[in-house]
Protein chains: 2
Amino acid sequence: MTKIKATNITWHEGHVDRSERETMLKQKGALIWMTGLSGSGKSTIAYTLEHALVQRGHLAYVLDGDNIRFGLNKNLGFSPEDRTENIRRIGEVGKLFADAGIITITAFISPYRDDRDVARETIGSEDFFECFCDTPLDVCEERDPKGLYKKARAGEIKGFTGIDAPYEAPNKPELVIDTSKRSPQEAAVELCAMLEKAGKITALGE
Amino acid sequence: MTKIKATNITWHEGHVDRSERETMLKQKGALIWMTGLSGSGKSTIAYTLEHALVQRGHLAYVLDGDNIRFGLNKNLGFSPEDRTENIRRIGEVGKLFADAGIITITAFISPYRDDRDVARETIGSEDFFECFCDTPLDVCEERDPKGLYKKARAGEIKGFTGIDAPYEAPNKPELVIDTSKRSPQEAAVELCAMLEKAGKITALGE
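Positions within a chain are numbered from 1, following the residues in the order the chain's sequence is written. The order in which chains are written sets their letters, starting at A; the order in which ligands are written sets their numbers, starting at 1. Predicted model: local features are reported for residues with pLDDT of at least 70 only, side-chain atom pairs are reported and counted for 80 or more only, and whole-chain, interface and lining totals are derived from all residues. Only heavy atoms go into the side-chain values, all of them from the structure, while hydrogens and water stay out.

The next thing to look at is the relation of the copies chain B and chain A. Between the two copies, chain B and chain A, the superposition gives an RMSD of 0.0 Å; the rotation angle is 180° and the shift along the axis is 0.0 Å. What the rotation and shift describe, once combined, is the action of a two-fold rotation axis. The rotation axis passes nearest to the C-alpha of Val93(B) in chain B, at a distance of 3.6 Å. The overlap is high: 100% of the interface residues of chain B also sit at the interface in chain A, so the same surface is used on both sides. The copies were overlaid with a least-squares fit restricted to C-alpha atoms from residues scoring a pLDDT of at least 70 in each copy. Any two residues whose heavy atoms approach within 4.5 Å at even a single point are treated as in contact.

Below you can see the structure in the form of structure tokens.
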């Protein structure tokens, strides 16, 4: 038999309450949902915000193609059904992360309004912040960081969002950013202010 | 244009490194994988450990049927293929949580050795701690907290692990606990000691 050294451990019947973790972390769980065309600046803003939050002592985490498409969702493709399931799973993971007290930032094209609305409903409006990267298509296409627009225009990629597949802009996003006019740093500052206003993090200096 | 107030925000090209979050949290990400028959004590130990870790100031989170089967994996059933996909997704989420710096505890029957080994490989051996709840079937069946053994014996549930579906015991689990002989508190103390030894958390008083 193990000798009990830590006598303050008690038998609990259920999960630790979210608020206990949030108190410990001095922040509240949230999901910032970046959406927009390929090349519109989603990932760059997400990383800039993640670094800014961690520098301020907050626990933040980016979910994007790097860690989702090659992991949890590696068995999904780019058909409309698979895109929907892709976003559904990301919404569910975002809900778990928010419940764990983390400020999570997702960076996916997520072209369908209904799919994003499912994510919003899954997590709950109070925790969901839709940030629309409303950068003009011609700017995104000129950036073409992964060379995907070129391939799509050449017909080498089918069903590419903005070229031969639709992007449905949000009706009521919490924030709109055109990265042809604003820097990722400016976007991150705006997003921090939004989180402060929503009581998810405390303003600097308070 | 937004006036930049926080001049210390810089433009980053990629994810925050896991080690930055771990330094902030004063712990290292890990996945404790509870496995065993229904009624073997997995969830009770998981909750007890979660509460113990949070009381010690650590960020811990339990993934179990409550938050997975009704969320991320609500489109999966109990066929062998669906069980495999269930465990695969949980392993991938566990990997994301560990990368976020969290000590995660999963509480699923996870009856197939191969599936658990996939989770171990996904996360990496250094972060994976398999805890086998080796409680005898007759004890689990007598407990029958959800009345499932009774239904399985009556033929109302098909493919129930331990009755008419196999449970494959781990070959080399990091910990074995028979909850007919040890309390959840004792198990939690052992698991904390295991995490300390692995350098995931600091020993109390250090």
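Moving on, we come to the pattern of salt bridges. A pair is scored as a salt bridge if a Lys or Arg side-chain nitrogen falls within 4 Å of a carboxyl oxygen belonging to Asp or Glu. Going through the model one piece at a time under the given rule, you end up with 32 salt bridges over all chains. Here Arg18(B) ties to Glu22(B) by a salt bridge, and the two come within 2.6 Å at their closest N and O atoms. Here Arg18(B) pairs with Glu22(B), and both are found in helix H1 (residues 18-25), just four residues apart, close to one helical turn. Judged by its relative accessible area of 22%, Arg18(B) falls in the partly exposed class. Accessibility here uses a 1.4 Å probe with only protein chains present; expressed as a share of the type maximum, an area under 20% marks a residue as buried, one over 50% as exposed, and anything in between as partly exposed. Judged by relative accessible area, Glu22(B) falls into the buried class, the value being 12%. Through salt bridges with shared partners, a single network forms among Lys74(A), Glu85(A), Arg88(A), Arg89(A), Glu92(A), Lys74(B), Glu85(B), Arg88(B), Arg89(B) and Glu92(B). Helix and strand assignments follow DSSP, with helices taken as H or I runs no shorter than four residues and strands as E runs no shorter than two, numbered in order from the N terminus.

Before going further, it helps to spend a moment on the interface of chain B and chain A. By convention, interface size is frequently given as the accessible area that disappears when the constituent parts associate. With 57 residues of chain B at the interface, the matching set in chain A holds 58 residues. Two parts placed together each lose some accessible area under a 1.4 Å probe, and the buried area is that loss summed for both. Contact between chain B and chain A buries roughly 5,500 Å² in total, counting both sides, with carbon and sulfur atoms accounting for 65%. Arg21(B) serves as the salt-bridge partner of Glu50(A), at 3.0 Å between the closest nitrogen and oxygen. Polar contacts, as used here, are pairs of N or O atoms within 3.5 Å; protein pairs need one atom able to donate a hydrogen and one able to accept it. Residues neighboring in sequence count only if both atoms are side-chain atoms. Remark: the boundary between chain B and chain A carries 24 residue pairs in polar contact (both at pLDDT 80 or more). Those elements giving two or more residues to the side of chain B that touches chain A turn out to be H1, helix H2 (42-55), strand S2 (60-64), helix H3 (65-72), helix H4 (80-99) and helix H8 (184-197) of chain B. When residues are grouped by polarity, Ala, Val, Leu, Ile, Met, Phe, Trp, Tyr, Cys and Pro land in nonpolar, Asp, Glu, Lys and Arg in charged, and all others, Gly among them, in polar. Its residues assigned to classes, the side of chain B that touches chain A shows 25 nonpolar, 16 polar and 16 charged.

Whenever a helix is involved, its axis is fitted only over the stretch in contact; in every case the axis is a line through C-alpha atoms, and angles between N-to-C directions fall within 0 to 180 degrees. Between helix H4 (residues 80-99) of chain A and H4(B), whose axes approach to 12 Å, the crossing angle comes to 55°. Between H4(A) and H4(B), the interaxial angle falls into the category oblique. For the pair H4(A) and H4(B), the crossing hand works out as right-handed. For the pair H4(A) and H4(B), the contacting residues are Glu85(A), Arg88(A), Arg89(A), Val93(A), Leu96(A) and Phe97(A) in the first and Glu85(B), Arg88(B), Arg89(B), Val93(B), Leu96(B) and Phe97(B) in the second. Tallied by class, the residues present in the contact of H4(A) with H4(B) amount to six nonpolar, no polar and six charged. Reported orientations rely on four angle classes, namely roughly parallel under 35 degrees, roughly antiparallel over 145, roughly perpendicular from 65 to 115, and oblique for the rest. The hand of a helix crossing depends on one turn: near helix anticlockwise from the far one by less than a right angle means left-handed, and clockwise means right-handed.

We now examine the sheet that holds strand S4 (residues 128-133) of chain A. Sheet strands pair by backbone hydrogen bonding; their relative direction is either parallel or antiparallel. All names here are of chain A. Between any two strands, pairing holds if DSSP finds at least two bridges. In space, the five strands of this open sheet follow the order S2-S3-S1-S4-S5, with parallel pairing throughout. Each edge of the open sheet is held by one strand with a lone partner, namely strand S2 (60-64) and strand S5 (175-177). Across the sheet, the mean angle separating the axes of adjacent strands is 20° when strand polarity is ignored. Bridge analysis of S2 against strand S3 (residues 103-107) gives five bridges, and the strand direction is parallel. Bridged to Asp64 within S3 is Ala107. Across the sheet, H4 touches strand S1 (30-36), S2 and S3, and the angle it forms with S1 is around 150°.

Moving on to the sheet that holds strand S4 (residues 128-133) of chain B. All names here are of chain B. Pairing is parallel across the open sheet formed by five strands, whose spatial order is S2-S3-S1-S4-S5. Either end of the sheet is taken by a strand with one partner, and the two such strands are S2 and strand S5 (175-177). Along the sheet, successive strands turn relative to each other by an average axial angle of 20°, direction set aside.

Sheet faces and side chains relate simply in a regular strand, where the side chains alternate between the two faces. Buried residues dominate S2(A), accounting for five of its five residues. By the alternation rule, side chains of S2(A) split into Ala60(A), Val62(A) and Asp64(A) and Tyr61(A) and Leu63(A), which are all buried.

With that settled, consider H3(B). Residues Asn67(B), Ile68(B), Arg69(B), Gly71(B) and Leu72(B) constitute the buried set of H3(B). Looking at the buried side of H3(B), the elements it contacts are helix H3 (65-72) and H4 of chain A together with S2 and H4 of chain B. N-capping of H3(B) is provided by Asp64(B), with a side-chain oxygen placed 3.0 Å from the backbone N of Asp66(B).

Bringing H4(A) into the picture now. Residues and elements named next belong to chain A. Under the convention used throughout, the expected extent of a helix is 1.5 Å for every residue step, that is, one less than its residue count. Over its 20 residues, H4 runs 29 Å from end to end, which matches the ideal 28 Å to within 8%, given 1.5 Å per residue. In terms of burial, H4 is a largely internal element, 14 of the 20 residues being buried. Backbone geometry just downstream of H4 places Gly101 in the positive-phi region, at approximately 95°.

All names here are of chain A. Counting buried positions over the seven residues of S1 gives seven, a clear majority of the element. Relative to S3, S1 runs parallel, the two sharing five bridges. In the strand pairing of S3, Ala30 is matched with Ile103.

All names here are of chain A. Pairing of aromatic rings covers Phe, Tyr and Trp, the last through its six-membered ring, and needs centres within 6.5 Å; plane angles under 30 degrees mean stacked, over 60 mean edge-to-face, and all others mean tilted. Taken as a whole, this structure holds nine aromatic pairs over all chains when the rule is applied. Taken together, a centroid distance of 5.8 Å and an interplanar angle of 15° make the contact between Phe132 and Tyr167 stacked. Here the residue Phe132 occupies a position in strand S4, and Tyr167 occupies one in the loop between helix H7 (148-153) and S5, the gap between them amounting to 35 residues. Like Phe132, the residue Tyr167 is buried in the burial classification.

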